[in-house]
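Next come the chains, spelled out residue by residue.
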Amino acid sequence: MVDKIIPFRLIVYLLTLFLLTNSTYAQSDDKIIKGNAGSTLLAESFGVFNEPWAMTFLPGGDLLVTEKNGILFMVHLEDRSKVSVKGIPNIAYGGQGGLGDIILHPQYKDTHWIYLSYAEQDGSGKRGAVVVRAVLRPGSARPTLENLEVIWRQKPKVSGMGHYSHRLAFSPDGKLFITSGERQKQTPAQSWTQNLGKVIRINEDGSIPPDNPFQDKGELAKTFWSLGHRNLLGIAFDKKGQLWTHEMGPRHGDEFNLTIGGDNYGWPIVSWGDQYSGIPIPDHDTRPEFNAPEIYWVPTVAPSGLIIYNGSMFPQWQNNAFIGGLRSKSLVRIQIKGNQAHEVERFDMGKRIREVEQGPKGGIWVLEDKKNGRLVRLTPYE
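Counting of residues starts from 1 at the beginning of each chain's written sequence and follows it residue by residue. The predicted origin of the model limits local features to residues at a pLDDT of at least 70 and limits the giving and counting of side-chain atom pairs to 80 or more, whereas totals for whole chains, interfaces and linings rest on all residues. Just so you know, side-chain values use all the structure's heavy atoms and leave hydrogens and water out.

Q: Just checking my understanding: could you explain the sheet that holds strand β4 (residues 63-67) for this structure?
A: Paired through their backbone hydrogen bonds, the strands of a sheet run either parallel or antiparallel. Pairing between strands is defined by DSSP: at least two bridges between them are needed. A helix here means a DSSP run of H or I that spans at least four residues, while a strand means a run of E at least two residues long, and both kinds are numbered starting from the N terminus. An order of β3-β4-β5-β6 is seen for the four strands of this open sheet, with the pairing classed as antiparallel. With one partner strand each, in any of the chains shown, β3 (52-57) and β6 (81-84) form the two edges of the open sheet. Geometrically, the sheet is characterised by an average inter-axis angle of 25° between neighbouring strands, direction not taken into account. Working convention: axes come from line fits to C-alpha atoms, limited for helices to the stretch in contact. Angles between N-to-C directions cover 0 to 180 degrees.

The structure is reproduced here in structure tokens:
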């Protein structure tokens, strides 16, 4: 039997061919993602996290990322390195709770204030969401939070570990808006003596604006912007200054709402979904006194994270909303025209999407959910 010797040049050719035809491996985690309306995106990974929940960009281009277990990372995107931030308060981690949202003060370059939300626990074991502000000192080898102060709390604390919501956004006029979930208790969403199931509007220091809509329903209600909400995991303002939120439905019936001061959104009295037990809930059109959603989803998309795009990288998508999908493992694009909204495209991401953010150059960034959730940048693919 004669041995067959493969020429060296043939080996080089075969290896080159393998690398070219397996570009997904040659390009690490890069991936082409196509939407169902024909758009194509390039997805590039910038590292992995353990249960990431939220992110926000600093003016210099670095990124802050929260992990639900109570760690805040500063990410240097140029070399894709990260370092944990010191000074994080005690976090009640478990269930849907932990370290939550993070945003910058509108004049961050002058104030260095950042705002964090998280779950805390009292001596009896009951839990609730908290919002704090702190000064970020990023310049040292180990960035640090200083002068931390609590500016808002969910009242009352209750049992259970779900539906904190605690998403944050500043309005164009500098007011802080907070989504406060009904903690899976349902009825507090209609209560004037509990701030659960509400959208909250306060000043940057936690004080109450005198022009809030509910001035004759008690002291706590003076902080309310709207009521009748379930679990709101997205909040953003459009270019006209209109507030949009989305919330998880019960068994289906997720909602995307133009969220107007003084309005009641009906939970748990009405919903386009049903109870998990199968017990039906009256539909929105049976109670016209409640504000109905501009979009609702049956079956569920399980929305989390929200931006309203205003960047230059995707000029055709100006004032479009982007929502991450948990159960649907998707990125949903919504067209907003005036006070109307319509889903126009959905991207199959293959992973649960927890958070969406717009980058400094107009790229769209997402955080995948759970352990080993990736930080992914989406840019046009041409």
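That covers the picture; the talk isn't over yet.
Q: I'm lost on the pairing of β3 in this one. Help?
A: Look at any regular strand and the pattern is simple: side chains alternate between the two faces of the sheet. Counting buried residues along β3, six of its six residues qualify, which places the element largely inside the surrounding structure. Sheet topology places β3 next to β4; five bridges connect them, and they run antiparallel. Bridge pairing in β4 places A54 opposite T66. The antiparallel pairing of β3 with β4 creates a hairpin that spans five residues between the two strands, and G61 there sits at a positive phi of about 105°. Exposure is judged per residue with a 1.4 Å probe applied to protein chains only, and the accessible area is read against the type maximum: over 50% gives exposed, under 20% gives buried, and values in between give partly exposed.

Q: I would appreciate a short explanation of the sheet that holds strand β15 (residues 231-237) in the present structure.
A: Strands sit in the order β15-β16-β17-β18 across an open sheet of four strands; the sheet is antiparallel. Both edges of this open sheet fall to β15 and β18 (295-297), since each of them pairs with a single strand only. For this sheet, the mean angle separating the axes of adjacent strands, direction not counted, is 15°. Summarising the sheet, strand β16 (residues 243-248) and strand β17 (residues 254-258) pair through four bridges and their orientation is antiparallel. Opposite W244, over in β17, you have L258 as the bridge partner.

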